[in-house]
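Structure at a glance
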Amino acid sequence: MALLKVKFDQKKRVKLAQGLWLMNWLSVLAGIIIFGLGLFLKIELRKRSDMMDNSESHFVPNSLIGMGVLSCVFNSLAGKICYDALDPAKYAKWKPWLKPYLAVCVLFNTVLFLVALCCFLLRGSLESTLAHGLKNGMKFYRDTDTPGRCFMKKTIDTLQIEFKCCGNNGFRDWFEIQWISNRYLDFSSKEVKDRIKSNVDGRYLVDGVPFSCCNPSSPRPCIQYQLTNNSAHYSYDHQTEELNLWVRGCRAALLSYYSNLMNSVGAVTLLVWLFEVTITIGLRYLHTALEGVANPEDPECESEGWLLEKSIPETWKAFLESVKKLGKGNQVEAEGVDAGQAPEAG
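Residues numbered from 1 in each chain as written. Predicted model: local features only at pLDDT ≥ 70, side-chain atom pairs only at ≥ 80, totals over all residues. Heavy atoms only, no water.

Worth spelling out the cut-off: UniProt positions are given in the numbering used here, feature names are shortened, and annotations may be inferred rather than shown by experiment.
Looking at an unreviewed UniProt entry, the protein carries the name Peripherin-2, with the source organism given as Phocoena sinus. According to the UniProt record, the Function (unreviewed entry) comment for the protein reads "Essential for retina photoreceptor outer segment disk morphogenesis, may also play a role with ROM1 in the maintenance of outer segment disk structure. Required for the maintenance of retinal outer nuclear layer thickness. Required for the correct development and organization of the photoreceptor inner segment." Here is the UniProt Sequence similarities (unreviewed entry) comment for the protein, exactly as written: "Belongs to the PRPH2/ROM1 family."

**Some points on the state of the cysteines**
Note the cut-off: Put simply, a disulfide is two cysteine sulfurs that come within 2.5 Å. Numbered from the N terminus, helices here are DSSP runs of H or I no shorter than four residues, and strands are runs of E no shorter than two. For the exposure calls, accessible area comes from a 1.4 Å probe over protein chains only, and a residue counts as buried if that area is under 20% of its type's maximum, exposed if over 50%, partly exposed in between.
Going through the model one piece at a time under the given rule, you end up with three disulfides. Bridging Cys-165 to Cys-250, the disulfide has an S-S length of 2.1 Å. Taking the sign of the S-S torsion, about 85° here, the bridge from Cys-165 to Cys-250 comes out right-handed. Note that Cys-165 is positioned in the loop between α6 (152-163) and α7 (190-197) and Cys-250 in helix α8 (residues 250-291), a separation of 85 residues in sequence. Taking the relative accessible area as the measure of exposure, Cys-165 reaches 0% and is therefore buried. Judged by its relative accessible area of 2%, Cys-250 falls in the buried class. In this model, Cys-166 is linked to Cys-213 through a disulfide, with the two sulfur atoms separated by 2.0 Å. Classification of the bridge connecting Cys-166 and Cys-213 rests on its S-S torsion, roughly 80°, and on that basis the disulfide is right-handed. Of this pair, Cys-166 sits in the loop between α6 and α7 while Cys-213 sits in the loop between α7 and α8, placing them 47 residues apart in sequence. Judged on exposure class, the residue Cys-166 and its partner Cys-213 are both buried. With cysteine numbering restricted to those in disulfides and following the sequence, the protein has the pairing 1-6, 2-3, 4-5.

**Focus on the packing of helix α1 (residues 10-47) against α8**
Counted only if it meets this: Each axis is a line fitted through C-alpha atoms, taken for helices only over the stretch in contact, and angles between the N-to-C directions span 0 to 180 degrees. Should an angle lie under 35 degrees it is considered roughly parallel, over 145 roughly antiparallel, and from 65 to 115 roughly perpendicular; all remaining angles are considered oblique. The sense of a crossing depends on the near helix, which, turned anticlockwise from the far helix by less than a right angle, makes the crossing left-handed and, turned clockwise, makes it right-handed. The nonpolar class holds Ala, Val, Leu, Ile, Met, Phe, Trp, Tyr, Cys and Pro. Asp, Glu, Lys and Arg form the charged class, and all remaining residues, Gly among them, are polar.
Two elements in contact, α1 and α8, have axes separated by 9 Å at closest approach and are oriented at 155°. When the axes of α1 and α8 are compared, the pair comes out roughly antiparallel. The chirality of how α1 crosses α8 is left-handed. Here the contact of α1 with α8 is composed, by residue class, of 26 nonpolar, five polar and three charged.

Structure, rendered in structure tokens:
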């Protein structure tokens, strides 16, 4: 028994074809939007690629770009099919291709749903890549004279100012690395010598942060150095004066920014997916309604359209049987090839 059977007359078939034609061209615009979102997301990720440890995060924008292009192609073709469906002569050339085309549409919708799901699940991957990328980037902050790394100081300073953040997890991360270049250190100074000797790795570590960590909203002039030394500054307590600097780490700031962006992109992609599923269902009804016309010479006659020719359990059973037959066919072919090679081997 057919699933979700609907009766169609000539007027209903025409309205369905016209409605699907319009929906397909709207879906082409939706495909352009998906392509644009993927491109925008890729550009945003590339802007801060120096702060990311690997390129896994580009899988989602690349997928969105590809799905946007495929959406434009498939829906343009579907619009042409719906337009030709009103003319029996033109529809005849599409008739053998409709079933394979609908199967491709189902596969496309499945992939589109998975891509939308990945938009919401990318947070974990981003968190890991940002944690390692920012940590490595901070290590190269002082290498302003090293080719290939001389831009890192500007990149991190711009990042901290734009996102109002400091360090990886917080401003104290700067205490653990030497972020001041050796060219600006006076190695004849006793203080510099003592600090370098007191460190196992021979680095010049200070309880200070770059200027880009300063919070301009603070009423007090920024305190960058000797942050943990209360006696070094008048009326100062480092436990309560943290508002002088950006408290939030850059990993949390970037993660929040990209998570909000990905959630928005994922929501738009899900809406497009629902629209595509609706079009695929409509195409299935149009296909079965046109196939069910008993007398092609009488276009006014009624016909029946359905979503599935059989019930869901029967359809699933038939699908499994076809897969088994396909597997047995491949096995027989393999045995035939082996049997043909055996005498030659002997």
